[in-house]
Amino acid sequence: AFGVVADIQFADAEDGHDFGGCRRRYYRHSLRLLREAVRAWADESPPIDFVLQLGDSIDGQNVRRGEAESALQQVLAVLGELSVPVHHAWGNHELYNFSRARLVHTGLYSRPAGGSEGPPDRECHAYHWSPAPRLRLVVLDTYDVSTLGTDPGSPRYQESLRVLREKNPNDDLNSPAGLNEPYFVAFNGGFSQAQLDWFNEVLKFSDENQEKVIVTGHVPIHPYASDGVCLAWNYEAALSVIHSHHCVVCVLAGHLHDGAYCLDSHGVHHLTLEGVIETPPESNAFGTIYVYEDKMVLKGRGRIPDRVMHF
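The shown structure was predicted, so the numbers you read here are calculated from the model rather than taken from an experiment. (Residues numbered from 1 in each chain as written. Predicted model: local features only at pLDDT ≥ 70, side-chain atom pairs only at ≥ 80, totals over all residues. Heavy atoms only, no water.)

### A closer look at the overall build of the chain
- Of the regular secondary structure elements, the chain holds 8 helices and 14 strands.
- Taken over C-alpha atoms, the radius of gyration comes to 18 Å for the chain, in line with the 19 Å a tight globule of 311 residues would show.
- C-alpha atoms of the chain, sized along the principal axes, occupy 50 × 40 × 35 Å.
- Among the 311 residues that make up the chain, the fraction classed as buried is 58%.
- If you take every contact in the chain between residues at least 6 apart in sequence, the share linking residues at least 24 apart comes to 63%.
- Approximately 12800 Å² of the chain is accessible, and the part contributed by carbon and sulfur atoms is 51%.
- Of the side chains in the chain, 26 bear a positive and 41 a negative charge, and the two mean positions are spaced by 3 Å. (Helix = DSSP H or I, 4+ residues; strand = E, 2+ residues; numbered from the N terminus. Rg over C-alpha atoms; globule rule 2.2 N^0.38 Å. Buried < 20%, exposed > 50% of the residue type's maximum accessible area, 1.4 Å probe, protein only. Contact = heavy atoms within 4.5 Å. Areas by Shrake-Rupley, 256 points an atom, 1.4 Å probe, with all protein chains shown as cover. Lys, Arg positive; Asp, Glu negative; His and termini not counted. Charge placed at Lys NZ, Arg CZ, Asp CG, Glu CD.)

What follows is the structure in structure tokens.
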């Protein structure tokens, strides 16, 4: 069993709205809702084994306020009250606040220090581990190709900008207006070929060892588990890797604060979790997932509905 939470986006700020100005965001309350989640996970019986934090732990406005480090420490302090490990994915808001090089040296860096659990590029925050026999979790870096958190003079930035500009001619690179592929916006990102090759090898190993695999990352990789905008740039390449193997049973994501779900044509569940940031103070948005031989059961809290996903 493990806990799941997405898009906390904490800032010590008054309530605000999304970029469209119509959806309320509860910046300060999100930390209180996280505390409630931590208390609930601590009381689980049987106890959970770990927690997945699916990205956007703090809000991008913290960097403008000079509060990125303090906001992150407050979130990590609450999660640190748990007696189990917390595994982090990186979202766009982490990369608004910190460079990739800095994130490597924060508590959000979950890649193991040694061994071959991730791609050769140490700044690619993809990794995997086995929490139980015949079960493996893979965290993907959905901003491996991205203009966020990267030095504009670097090859990574230049290549990412080229990919983005090829598809998005808008002055505002965060605007999907008029695009045939509206997910080519700067607040999304994609996968390098190196990460996809690594991912393929991990799934090959899991196939050979008859493991079940749960894949996670901040940005959804299936259009039906998205709103059509919140989607990884080269999601089809990631899906192609998954569908060329038999081991993946579920993909967990955040980013889309409304949440979404689909069962794809290859029998893989795609579950996008509702975001804490747009959850009213009297509700919540977290869950506990129980993994069995033949299914996963999500016990949701607040905005997140219960769900049974059969393999």
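### A word on the environment of D18
- Counting through the fold element by element, D18 comes out in the loop between β2 (16-17) and β3 (24-25).
- Note: C-alpha distance between D18 and L33 (15 residues apart in sequence) is 19 Å.
- Leave out the neighbours within four places in its chain, and D18 touches R23, R25 and E278.
- At a separation of 3.1 Å, a polar atom in the side chain of D18 contacts the main-chain amide nitrogen of C22. (Polar contact = N/O pair within 3.5 Å; in protein donor to acceptor, adjacent residues only side chain to side chain.)

### Observations regarding the nonpolar core
- Residues W41, L52, F199, I221, V248 and L252 are the most contacted members of the largest nonpolar core, which totals 89 residues.
- Discounting chain neighbours no more than four positions away, the residues touching I221 are F191, L231, A232, Y235, A238, L239, I242, V251 and H270.
- Judged by nonpolar contacts, the second largest core, of 7 residues, contains V185, V229, L256 and A260. (Core = buried A, V, L, I, M, F, W, Y, C linked by side-chain atoms within 4.5 Å.)

### Points about the sheet that holds strand β5 (residues 86-88)
- Across the sheet, which stays open at both edges, the 6 strands sit in the order β5-β4-β1-β12-β13-β14 with mixed pairing between neighbours. Every other strand in the sheet has two partners, leaving β5 and β14 (307-310) as the edge strands with one partner each. If you compare each strand with its neighbour and ignore which way they point, the axes differ by 20 degrees on average.
- Pairing of strand β1 (residues 2-5) with strand β4 (residues 50-53) involves 4 bridges; the strand directions are parallel. Paired with V4 across the bridge in β4 is L52. (Pairing = 2+ DSSP bridges. Axes fitted to C-alpha atoms, helices over the stretch in contact; angles between N-to-C directions.)

### Section: unusual backbone geometry
- For the peptide bond that leads from S45 to P46, omega is 0 degrees, which places it in the cis range.
- Phi angles above zero are rare outside glycine, and D56 is one such case at about 60 degrees.
- Inspection of the secondary structure assignment puts D56 in the loop between β4 and α2 (61-65).
- Here Q210, not a glycine, exhibits a phi torsion of approximately 55 degrees, which is positive.
- Checked against the element boundaries, Q210 lands in the loop between α7 (193-208) and β8 (212-216).
- According to the relative accessible area criterion, Q210 is exposed, its value standing at 61%.

### Quick word on the pattern of salt bridges
- Evaluated as defined, the whole model comprises 19 salt bridges.
- Between E67 and R65 there is a salt bridge, with its nearest N and O atoms 3.2 Å apart.
- Ionic contacts of the salt-bridge type, sharing partners, join the residues R23, R25, D258 and E278 into one network. (Salt bridge = Lys/Arg side-chain N within 4 Å of Asp/Glu carboxyl O.)

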